[in-house]
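# Analysis of the macromolecular model
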Amino acid sequence: MSESSRVNLLNLSLGELREFCVSLGEKPFRATQIMKWIYQWGATSFEGMNNIKKELREKLAQVAEIRAPEIISEQRSADGTMKWALDVGDGQVVETVLIPEEGRNTLCISTQVGCPINCAFCRTGAGGFNRNLTISEIIGQVFVASQRVGFRQSGDEKAISNVVMMGMGEPLLNVKNVIAVTEILLDDNCFGLSKRRVTISTAGVVPVLKQIAGKVDVALALSLHAPDDELRDKLVPLNRRHNIASVLNAVRDYVAKSNANCGRVTIEYVLLDHVNDSMEQAEALARLLKDVPCKINLIPFNPHDGADFNKPSNSRVDRFCKVLMSHGYTVITRTTRGDDIAAACGQLAGQVKDKLSKIASRQVSDGDSAS
Ligand code: SAH
């Protein structure tokens, strides 16, 4: 059987992996053994799966494979942030970013090639939308990053402890695969992450939020970015279909049915200089959210080529933050990580051509950033 006609086990949901084992005449517990080998130990072949009988290992090698997307570049920022570009075929690239912090290592993963939402300030959206990522292309980002920094089972301190779907794409527009991925992230036989440490970030796809409320239980972040519909219509075009009131209702409902959020949604708010960062807008935001149990994450705009926006001064960011705090909100101002390697929020792009020319120019300019 050729490589491509083998079933890629990384591409199966956990239910499908069980069905696959049954289709080979095996008991479903074989699936649990295989999951552990793959997601806890990083196995890429069947030979070493020594609790599985030899005939089955040979059979598996004939009909199945464990294949993550190939890494085409690895970059390390001065602040320790790492970014990998992964080849997902047809000249398409997706990026994944590891942010090491005191006590946790957060992996920011992509869920689509490009993004159809097209937020006015985001570099990913500017490149247009190509397609949804498959399960193997999404979970494969966690797999290959773990191959680099260690799987949790190995007890490595650097192992990934948190996963945020804040890379390229809108997770709720690829919801079937995103659900399969969250199952693999949470299952104790796989990555075994706490549901509070897996976050779906969304621009507010209301029908899908309604559909998953009470069924998917991971942390939720809402990209709000404006205190009123008039401005949000311009910044997040999806708002023209699902306005702020309907989004906040759906979010409240999701959070009420979830344990992972401890009752609160994270509101993300990109601060754009003189666009949405005035004191009046902070007051309006405080009023808007008064019935929404939340914490607020302020993200000073990360500049990129072709954006018509600027990053506000620190004093404007502070002022905005203080207004919200004076109303009793928990506010975190996100520090920019990895912007020297274009790994910060909204800086992920994804065309091979763009990518390769960037790598080439960087190598010319500073020689060693892709170490
Ligand atoms: N589609 C998802 C994930 C997007 S990326 C969502 O909308 O939530 C994660 C966050 O980064 C979002 O809040 C997004 O709006 C924000 N972001 C995008 N471009 C940015 C930029 N240039 N600077 C700062 N944050 C940005």
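Please read all numbers here as calculations on a predicted model, not as lab measurements.

All right, on to helix H9 (residues 244–256) then. For H9, built from 13 residues, the straight-helix expectation of 18 Å at 1.5 Å per residue is met to within 8% by its first-to-last C-alpha distance of 18 Å. When H9 is considered as a whole, its buried residues turn out to be Ile244, Val247, Leu248, Ala250, Val251, Tyr254 and Val255. Buried residues of H9 fall within an arc of 160 degrees about the axis and therefore sit on the same side. Where H9 is buried, its residues meet helix H7 (206–212), strand S11 (219–223), helix H8 (229–235), strand S12 (265–271) and helix H10 (279–288).

Strand order in the open sheet formed by ten strands is S3-S4-S5-S6-S9-S10-S11-S12-S13-S14, and the pairing between neighbours is mixed. Each edge of the open sheet is held by one strand with a lone partner, namely strand S3 (70–76) and strand S14 (331–333). Neighbouring strand axes in the sheet, compared pairwise and without regard to direction, differ in orientation by 20 degrees on average. Relative to S14, strand S13 (residues 294–300) runs parallel, the two being bridged by three bridges. Bridge assignment links Leu298 to a residue of S14, and that residue is Thr333.

Glancing now at the pairing of S11. Two faces, one strand: in a regular strand the side chains alternate between the faces of the sheet. Counting buried positions over the five residues of S11 gives five, a clear majority of the element. Where strand S10 (residues 198–202) and S11 come together, four bridges link them in parallel fashion. Bridging across to S11, Ile200 finds its partner in Leu220. Following the backbone out of S10, through H7 and into the adjacent parallel S11, one traces a crossover that is right-handed. Note: S11 against S12, three bridges, orientation parallel. Opposite Ala221, over in S12, you have Thr266 as the bridge partner.

What follows concerns helix H11 (residues 314–326). When the terminal C-alpha atoms of H11 are compared, their 18 Å separation across 13 residues agrees well with the 18 Å that a helix rising 1.5 Å per residue should span. Along H11, the residues that are buried comprise Arg316, Val317, Phe320, Cys321, Val323 and Leu324. One side of H11 carries all its buried residues, which in axial view fall inside an arc of 155 degrees. Facing away from the buried side of H11, by more than 90 degrees, are the exposed residues Asn314, Lys322 and Ser326. Where H11 is buried, its residues meet S12, H10, S13 and S14. Gly328 sits one or two residues past H11 and shows a positive phi near 95 degrees.

With that out of the way, let us pick up the packing of helix H5 (residues 135–149) against helix H6 (residues 175–186). It is at 9 Å that the axes of H5 and H6 come closest, and there the two elements cross at 35 degrees. When you trace H5 past H6, the crossing you get is right-handed. Together, Ile135, Ile138, Ile139 and Val142 of H5 and Asn177, Ala180, Val181, Ile184 and Leu185 of H6 make up the contact between the two elements. Classifying every residue of the contact of H5 with H6 by side-chain character gives eight nonpolar, one polar and no charged.

Counted by the stated rule, this structure contains 14 salt bridges. One salt bridge connects Lys54 with Glu58, and the closest N-O pair in it is separated by 3.0 Å. On the criterion of helical spacing, the pair formed by Lys54 and Glu58 is a turn pair, its members being four residues apart in helix H3 (residues 54–63). We classify Glu58 as partly exposed; its relative accessible area is 42%. The shortest N-O distance in the salt bridge between Arg131 and Glu137 comes to 2.9 Å. Counted as one network, the salt bridges with shared partners bring together Glu26, Arg30 and Lys53.

Calculation rules
Residues numbered from 1 in each chain as written. Predicted model: local features only at pLDDT ≥ 70, side-chain atom pairs only at ≥ 80, totals over all residues. Heavy atoms only, no water. Helix = DSSP H or I, 4+ residues; strand = E, 2+ residues; numbered from the N terminus. Expected span 1.5 Å × (residues − 1). Buried < 20%, exposed > 50% of the residue type's maximum accessible area, 1.4 Å probe, protein only. Arc of directions from axis to C-beta. Contact = heavy atoms within 4.5 Å. Pairing = 2+ DSSP bridges. Axes fitted to C-alpha atoms, helices over the stretch in contact; angles between N-to-C directions. Right-handed = clockwise from strand over helix to strand, strands pointing away. Left-handed = near helix turned anticlockwise from the far one by under 90°. Nonpolar A, V, L, I, M, F, W, Y, C, P; charged D, E, K, R; others polar. Salt bridge = Lys/Arg side-chain N within 4 Å of Asp/Glu carboxyl O.

On their own, these measurements won't tell you what the molecule is for.
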